[in-house]
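Spelled out, the chains give:
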Amino acid sequence: MRVEASEPAKQPSGGVMGRMELSLSFFRRHLEGREAGKELKRREGADRSVRATSRVYNPAMRKAFAVLFLLTISLPLFGQSKPDVDDLKKQAISAVEGRQVFTQQMVDQIFSYSELGFQEHETSRYVTGILEKNGFKVERGVAEIPTAWIATYGSGKPVIAFISDLDCIPRASQKPGVAYHDPIIEGAPGHGEGHNTGSAVNVTAALVLRELMEKYKIPGTLKVLPGIAEELLGTKAFYVRAGLFKDVDIVLGSHVEASLGTQYGQSFAPQGLVSVQYMFHGKASHAAMAPWDGRSALDAVELMDTGWNFKREHLRLQQRSHYVIINGGEQPNVVPSEAAVWYYFREMDYGHIRELYDLGNTMAEAATIMTGTTVTRKVVGSAWPPNYSKVVAEVQQRNIERVGMPQWSDADQTLAKALQKELGKPADGLKTKVDELKPPSPDTELGGSDDVGDISWNAPMVYLRYPANIPHTPGHSWADGVAEATPIAHKGSTAGAKVQALTALDFLLSPELVKRAWDYFKDVQTKDAKYTPLIGADDKPAIEFNQQKMEKFLPELRKYYYDPAKYKNYMEQLGIQYPTVKK
Ligand SMILES: [Zn+2]
């Protein structure tokens, strides 16, 4: 879908509508919940007495008198029922702290599930179960993705959405709290990115907010969504296509990092991309007895790759493109009738990504002409480069500074320094200061992509980095799993949950702030470029991905699922001394 500035669904609380929302929500506060009936009766009574005593006045005066009367009985009640923002924030912080065991258990539980993209069945069952038990309405299988869901609480504006990834990394199995490579299960998937912490952050924040909203009759809607198959850049464009963000006012994403910070604007990293597989179809024959009857699909793969590698010299320096051959045929004496290659085309903006992708398609077509084969393609993932909101980031930054970094113990620092030493990196331990809010980075040396980019072009969004990992890890590896079920991840997730809750409160309580975020979104963020999906109308999410890899390890992984009824934490269940470091 395209986001146009005038699209009515995207008008959050601006202009006249916004003012109406504000005054309506003011009264709604009095009409909801247990007090609603009583309050309504009081008002009716008040109204009757106004009518009785005002027969002598003209209708206009009567109306003015009624409004004045209503206000005088409503205002003191309103003042009593809802504390100010600062007081609510204090309550939110202590409520998140009160849930530290809950957060720790979520972090450890999801770490133990270790599920790859599109196969997050146990994880999704677990997280949605918690949300449902706590009054959220859960819709499963959204956007034609079996493991995707959306959980909703509350009603009306503003609508605040939380999103964080769920999936793990192939071959990244690692014992938590151990500062060297030591897999729980050799070769198995593992949380070598720390996505096990994101749901703990967002769900903790959402449950705390739900409590406050209920207690003080704060209007608004909370939505919680998982980043399914983020490692494949596999779902967000489909979420947008399914309209999951159509009525969302503010998106608060969160992602594990070794720091506490946020950002705004479009930096040169991450980039956007299309991830696409080309399947070539030829004709099999005996490679020695009748090679002339064969048409080699592998030839087509190799010619496409060769063409691309020659072309590479003439592409912009900003592009990154890479491929792996995922099917090269069966054995040499059979002319391969089927072969396939998987490409990532990365660039800085929609136009350049599109250009690179079109060029790839041309190369594939050209290879079929040279070889007498045909080609089909499957888009596995896509991502727009992120475009984060400065208005939301500035609000979030104030909350980041208020929350501050966790208090690390000697054991936490010992683990961090030992891992850094093991990796041959500076052994400077865990960060103790929050990040400053900096302007977008012009560094073109950075790469990588994240499909939350698509969401950031459809609603004002920020991506909180919370401190649940160790600095200088390589990413996507066993080393990034070392801290992910230890006090580093537990404390970092609690800090993240606080920032998420406080930032949501700022927007829940201020329609003006929501309006400012949308004005900035329309007038600055999307002034020159509007969202056009990189996926085509016929593209479908790659839900069959990782199925076999996961099935292979599931029986073994199940033996190691965390049991919080028996063990205080996952390290205790695994019998790990914290920290375990080389002598
Ligand atoms: Zn990630």
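Residues numbered from 1 in each chain as written. Predicted model: local features only at pLDDT ≥ 70, side-chain atom pairs only at ≥ 80, totals over all residues. Heavy atoms only, no water.

S.K.: Honestly, the coordination of the zinc ion in this entry has me stumped. Any pointers?
M.R.: Expected angles at a metal are 109.5 degrees for tetrahedral coordination by four donors and either 90 or 180 degrees for octahedral coordination by six donors. Donor atoms from the polypeptide that coordinate the zinc ion comprise Glu193 (OE), His195 (NE2) and His255 (NE2), at 2.0 to 2.2 Å from the metal. Read in sequence order, the donor residues coordinating the zinc ion give the pattern E-x1-H-x59-H. Residue classification places glutamate 193 among the buried residues on the basis of a relative accessible area of 14%. The class of histidine 195 is buried, set by a relative accessible area of 3%. (Donors = N, O, S within 2.8 Å, 3.2 Å for Na, K, Ca; no water. Buried < 20%, exposed > 50% of the residue type's maximum accessible area, 1.4 Å probe, protein only.)

S.K.: Mind showing me how you'd approach helix α5 (residues 100-113) here?
M.R.: A rise of 1.5 Å per residue sets the reference length of α5, with its 14 residues, at 20 Å; its end C-alpha atoms lie 20 Å apart and thus fit the reference within 8%. Of all 14 residues that make up α5, 10 are buried, and the element is covered over most of its length. Inspection of α5 places Thr103, Gln104, Met106, Val107, Asp108, Gln109, Ile110, Phe111, Ser112 and Tyr113 among the buried residues, and these make up the whole buried set. Of the surrounding secondary structure, the elements contacted by the buried residues of α5 are α6 (121-133), α7 (198-215), α14 (487-508), α16 (547-558) and α17 (570-574). Just downstream of α5 lies serine 114, where phi reads positive at about 40 degrees. (Helix = DSSP H or I, 4+ residues; strand = E, 2+ residues; numbered from the N terminus. Expected span 1.5 Å × (residues − 1). Contact = heavy atoms within 4.5 Å.)

S.K.: Is there a simple way to explain unusual backbone geometry in this structure?
M.R.: It is generally the case that most residues other than glycine have a negative phi and that most peptide bonds are trans. Cis geometry marks the peptide bond from lysine 157 to proline 158; its omega dihedral reads -5 degrees. Although it is not a glycine, glutamate 144 sits at a positive phi angle of roughly 60 degrees. Along the polypeptide, glutamate 144 turns up in the loop between β1 (137-140) and β2 (149-155). Positioned with a positive phi, leucine 233 is a non-glycine residue whose angle comes to about 50 degrees. With respect to the secondary-structure elements, leucine 233 resides in the loop between β4 (220-227) and α8 (236-241). Leucine 233 sits in the buried class, given a relative accessible area of 5%.

S.K.: Sorry, what's going on with α7 here?
M.R.: For an α-helix, 3.6 residues make a turn, and residues three or four places apart therefore share a direction. With 18 residues, α7 extends 26 Å from end C-alpha to end C-alpha; this agrees with the ideal 26 Å at 1.5 Å per step. The buried fraction of α7 is high, at 15 of 18 residues. Following α7 by one or two positions, lysine 217 has its phi on the positive side, about 50 degrees.

S.K.: For this particular structure, what's the right way to read the packing of aromatic side chains?
M.R.: A ring pair, where both rings are aromatic, is described by two values, the distance of the centres and the angle of the planes. This model, assessed by the stated rule, comprises 18 aromatic pairs. Ring centres of phenylalanine 111 and tyrosine 570 lie 5.9 Å apart, and the angle between their planes is 65 degrees; this geometry places the pair in the edge-to-face category. Note that phenylalanine 111 is positioned in helix α5 and tyrosine 570 in helix α17, a separation of 459 residues in sequence. Overall, phenylalanine 111 belongs to the buried group, its relative accessible area being 4%. Among the aromatic residues, ring-to-ring pairing joins Tyr278, Trp308, Tyr323, Tyr343, Phe345 and Tyr357 into one connected group. (Phe/Tyr/Trp six-rings, centres within 6.5 Å; stacked < 30°, edge-to-face > 60°.)

S.K.: Hey, could you run me through the sheet that holds strand β8 (residues 338-347) in this one?
M.R.: Each strand in a sheet pairs with another by means of backbone hydrogen bonds, the pair being arranged parallel or else antiparallel. Across the sheet, four strands lie side by side as β7-β8-β6-β9; this open sheet has antiparallel pairing. Two strands in the sheet have a free side with no partner beyond their single neighbour: β7 (320-327) and β9 (374-383). Taking each pair of neighbouring strands and ignoring which way they run, the sheet shows an average axis angle of 20 degrees. Examined bridge by bridge, β7 and β8 share seven bridges and lie antiparallel to one another. If you follow asparagine 327 over to β8, its bridge partner there is alanine 340. Against the sheet, helix α9 (residues 297-311) makes contact with β6 (272-281), β7 and β8, and its axis sits at roughly 20 degrees relative to β8, the strand it touches most. (Pairing = 2+ DSSP bridges. Axes fitted to C-alpha atoms, helices over the stretch in contact; angles between N-to-C directions.)

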